[in-house]
Amino acid sequence: MGKGSGFGKVILFGEHFVVHGVPGIVSAIDSATDAEVTQTGNELAIRDERKAAKGYAEEKRLQQIESIERMLTTMGLDPKLPLKIWVGGTLLGFSGLGASAASSVAIARAISEELNLKLTGEKINQIAYEAEKAYAGNPSGIDNTAATFGGLLWFKKNISGGQNTIEKLRIRTPAEIVIGSTGKVANTKAMVAGVAERKQKNPQKYDALFKQADALSYAGRKALEAYDLKKVGALMNENHRLLQEIEVSSRELDLLVDIARREGAFGAKLTGGGGGGCMVALTPGKELQEKVAAAIEKEGYEVLRTKIGVEKI
Ligand code: PMV
């Protein structure tokens, strides 16, 4: 049997914009998807035991099968190879946490081990990127990169097809965050395609927003490296406004963002594809984290208390 894991992630700056070449900042979180793969039977069999939002597994089922076929093809294997795949782990199947990329990385690693392919991290990342196309259509690569390597990363897609820029960022001390889930499963592929369509229809408006997003990511990096968390939070708020303008937020996401800010979060924004899924609030210190988390839970939403910038993740 082959085994593998992939990290979950939270995007602090630049989701959606990153697909079109704007830099993004992403942090792996201390939850991961695990996979086990055995070569038996005569058809693909997937047992998905991830704890997930209602309807998540059903919504993603066909994309999951396509992603595995893409993975096998990229590995130079028969896309119909009869594999028995188990997926589980601590990462919740909430849209926005990179669960699809984490599972692709976990499965690719498990296949590599089962078939003794000895694939490098770079190769696993590339395979997971191809698999992500099943879920995101035109992914940036930020999710699979975080799922493969972990850490706090600066990611810039090379939209001409060359090497992407991936840099590890370091912050003085990990900072607490709260991730709030709307409980709504989102279709990342449709969200990414929607932005591309609106961008094409309204070039002037979108060019201006993309310029602002670009500047925000650079400012976010500077503030993180200076450990000016108040500034990081203010920039996250600004990023949320841009995401609202490109129409990827939702009523529930705005509500969770408002609750977090009201309770004293340094900043809050949607994270990932939007349209449902999750939001992230920067809440340095256990006390503030607990205050924000409890307020969101009180409204009936699930939360995850975690940290960004943890060295070993
Ligand atoms: O919703 P998630 O966790 O799949 O994140 C998607 C992030 C996007 O920027 C919207 C797409 C991408 O590939 O970068």
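Residues numbered from 1 in each chain as written. Predicted model: local features only at pLDDT ≥ 70, side-chain atom pairs only at ≥ 80, totals over all residues. Heavy atoms only, no water.

### Considering the side chain of K60
So, step 1. Among the structural elements, K60 can be located in helix α1 (residues 56-74).
So, step 2. One buried charge, K60, has no salt-bridge partner; the nearest side chain with opposite charge is E59, at 5.6 Å.
So, step 3. Discounting residues that sit within four places of it in the chain, K60 has contacts with S95, Y135, V185, A186 and T188. (Helix = DSSP H or I, 4+ residues; strand = E, 2+ residues; numbered from the N terminus. Buried < 20%, exposed > 50% of the residue type's maximum accessible area, 1.4 Å probe, protein only. Lys, Arg positive; Asp, Glu negative; His and termini not counted. Salt bridge = Lys/Arg side-chain N within 4 Å of Asp/Glu carboxyl O. Contact = heavy atoms within 4.5 Å.)

### Structural notes on the domain arrangement of the protein chain
So, step 1. Examined at the domain level, the protein chain breaks down into domain 1 (2-169) and domain 2 (175-308).
So, step 2. A separation of 22 Å is found between the C-alpha centroids of domain 1 and domain 2.
So, step 3. Across the contact, 43 residues belong to domain 1 and 47 residues belong to domain 2.
So, step 4. Buried surface at the junction of domain 1 and domain 2, summed over both partners, amounts to about 3500 Å²; 67% is from carbon and sulfur atoms.
So, step 5. Taken as a group, F13, H16 and F17 account for 22% of the area that domain 1 buries against domain 2, more than any other trio of residues on that side. (Domains from an automatic or database assignment. Buried area = accessible area lost by both parts, 1.4 Å probe.)

### Here's the deal with the pairing of strand β5 (residues 152-156)
So, step 1. Across the five residues that make up β5, a large majority, four, are buried.
So, step 2. Of the strand pairs in this sheet, strand β2 (residues 24-38) and β5 are connected by four bridges, and their pairing is antiparallel. Across the sheet, residue S27 finds its bridge partner in β5, namely L152.
So, step 3. Of the strand pairs in this sheet, β5 and strand β6 (residues 165-169) are connected by five bridges, and their pairing is antiparallel. Directly across from W154, in β6, lies its bridge partner E167. (Pairing = 2+ DSSP bridges.)

### Looking at the site of the ligand
So, step 1. Taken together, 17 residues are adjacent to the ligand, and K9, H16, G98, S140 and G273 come closest.
So, step 2. Take S140: an N or O atom from its side chain is 2.5 Å from an oxygen atom of the ligand.
So, step 3. For the ligand, the protein covers 96% of the area, taking 380 Å² as the surface of the free molecule.
So, step 4. Listed by contribution, the elements that provide at least two residues to the shell around the ligand are β1 (2-13), α4 (142-149) and α5 (188-201).
So, step 5. When grouped by side-chain class, the residues that make up the shell around the ligand number seven nonpolar, seven polar and three charged.
So, step 6. Counting the residues that make up the shell around the ligand, at least three belong to each of domain 1 (2-169) and domain 2 (175-308). (Near = heavy atom within 4 Å. Polar contact = N/O pair within 3.5 Å; in protein donor to acceptor, adjacent residues only side chain to side chain. Areas by Shrake-Rupley, 256 points an atom, 1.4 Å probe, with all protein chains shown as cover. Nonpolar A, V, L, I, M, F, W, Y, C, P; charged D, E, K, R; others polar.)

### Side note on the packing of α1 against helix α2 (residues 99-114)
So, step 1. At a minimum axis separation of 11 Å, α1 and α2 run at an interaxial angle of 40°. Between α1 and α2, the crossing angle belongs to the class labelled oblique. Classified by chirality, the crossing of α2 by α1 is right-handed. For the pair formed by α1 and α2, the contact residues are Y56, S67, I68, M71 and L72 on the first element and A99, S100, S104, I107, A108 and I111 on the second.
So, step 2. Grouping the constituent residues of the contact of α1 with α2 by class yields eight nonpolar, three polar and no charged. (Axes fitted to C-alpha atoms, helices over the stretch in contact; angles between N-to-C directions. Parallel < 35°, antiparallel > 145°, perpendicular 65-115°, else oblique. Left-handed = near helix turned anticlockwise from the far one by under 90°.)

### Details of the sheet that holds strand β10 (residues 302-308)
Across a sheet, strands are paired by hydrogen bonds formed along the backbone, either parallel or antiparallel in direction.
So, step 1. The strand order across the open sheet built from four strands is β8-β9-β7-β10, with neighbouring strands paired in antiparallel fashion. Strands at the two margins of the open sheet, each flanked by one partner only, are β8 (267-271) and β10. Adjacent strand axes in the sheet meet at a mean angle of 25° when their direction is disregarded.
So, step 2. Relative to strand β9 (residues 278-282), strand β7 (residues 175-181) runs antiparallel, the two being bridged by five bridges. Looking across to β9, one finds that V178 is bridged to A281.
So, step 3. On top of the sheet, helix α7 (residues 229-245) reaches β7, β8 and β9; it is set at about 40° to β8, its chief contact.

### Notes on the packing of aromatic side chains
By convention here, two paired aromatic rings are described through the distance between centres and the angle between planes.
So, step 1. Inspection of every chain in the model, using the stated rule, returns three aromatic pairs.
So, step 2. Seen from their ring centres, F17 and F210 are 4.8 Å apart, and the 70° between their planes marks the pair as edge-to-face. Taken together, the residues span a long stretch of sequence, with F17 in the loop between β1 and β2 and F210 in helix α6 (residues 203-225) at a distance of 193 residues.
So, step 3. The exposure class assigned to F210 is buried, which follows from its relative accessible area of 9%.
So, step 4. Considering the side-chain rings of Y206 and F210, the 6.5 Å spacing of their centres and the 40° angle between planes classify their relative orientation as tilted. Taken together, the residues Y206 and F210, both in helix α6 and four residues apart, mark about one turn of the helix.
So, step 5. Linked through ring pairs, F17, Y206 and F210 together constitute an aromatic cluster.
So, step 6. Here the guanidinium or amino end of K230 rests over the ring plane of F266, the centre of that ring lying 4.0 Å away. (Phe/Tyr/Trp six-rings, centres within 6.5 Å; stacked < 30°, edge-to-face > 60°. Lys NZ or Arg CZ within 6 Å of the ring centre and 35° of its normal.)

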